[in-house]
Amino acid sequence: MPFGHDTVYSLATVVELVNTSPSTGGDDDLTGLADLQAFVQARQVSGISTLTTRDLGQVRLVREAFHRVFTAPDQPTAVRLLNVLLAETRITPRLTEHDGHPLHMHYFALDATLAEHLAADCGVALAHLLVEGEWERLRTCAAPDCERVFVDESRNRSRVYCDSRTCGNRMHVAAYRARRRA
């Protein structure tokens, strides 16, 4: 995909955020402030100071809004859902360099909460994907026991599993064994 570092990073962040949700078939991986802090550190979310339980609740709401975008039945629905989220977000674009990253864009307001930060940066990254006509790249894993989301970054848009080492390998082994039994 021909996107800059900041867009690709924000897309990876939104995928990781959505996949913390029980809506993806697993456990809720954002149950407390320690989980939220670990997410912020792992994704190197900048400009965030002390986190509160209010931040946790707001981030969970944003997470579910992003999940609805990923699982929208069609592009017009995804656009509508993303527009609702972006309309509720203070967006203040600016160029920045920090933490060894090259010059890139931030879209969140300087005094933004963590939820606003994620909604702005990740929402704009998803908007760029939709504007480029790449809605089909927003996927849910094809493994029958997995509902995790991902952005298909393959050249020919052929990726079907959230992770080739887990779901992909498991499904290929199951298909191999089924062929051997036949």
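In the block above lies the structure referred to throughout.
Calculation rules
Residues numbered from 1 in each chain as written. Predicted model: local features only at pLDDT ≥ 70, side-chain atom pairs only at ≥ 80, totals over all residues. Heavy atoms only, no water. Salt bridge = Lys/Arg side-chain N within 4 Å of Asp/Glu carboxyl O. Buried < 20%, exposed > 50% of the residue type's maximum accessible area, 1.4 Å probe, protein only. Core = buried A, V, L, I, M, F, W, Y, C linked by side-chain atoms within 4.5 Å. Helix = DSSP H or I, 4+ residues; strand = E, 2+ residues; numbered from the N terminus. Contact = heavy atoms within 4.5 Å.

Remarks on the pattern of salt bridges
Under the definition given, this model contains 9 salt bridges. Note that Glu64 and Arg63 form a salt bridge whose closest N and O atoms lie 3.2 Å from each other. A relative accessible area of 3% places Arg63 in the buried class. The salt bridge partner of Arg137 is Glu134, with a shortest N-O separation of 2.8 Å. A relative accessible area of 13% means that Glu134 is categorised as buried.

Considerations on the nonpolar core
Across soluble globular proteins, nonpolar side chains show a tendency to be buried alongside one another. Counting 44 residues, the largest nonpolar core has Phe66, Phe70 and Leu126 as its most contacted members. Of all elements in the fold, only α1 (5-18), α2 (33-42), α3 (53-70), α4 (75-87), β2 (104-108), α5 (114-131) and β4 (149-151) reach the threshold of two or more residues within this core. Considering every element that reaches this core, the biggest residue donor is α5, with 11 residues. Here Phe66 is in contact with Val14, Leu17, Val18, Leu82, Leu85, Leu118, Ala119, Cys122, Gly123 and Leu126, once residues within four sequence places are set aside. In terms of nonpolar packing, the next biggest core, distinct from the first, is built from 7 residues, Cys146, Phe150, Tyr161 and Cys162 among them.

That is the geometry; function is a separate question.
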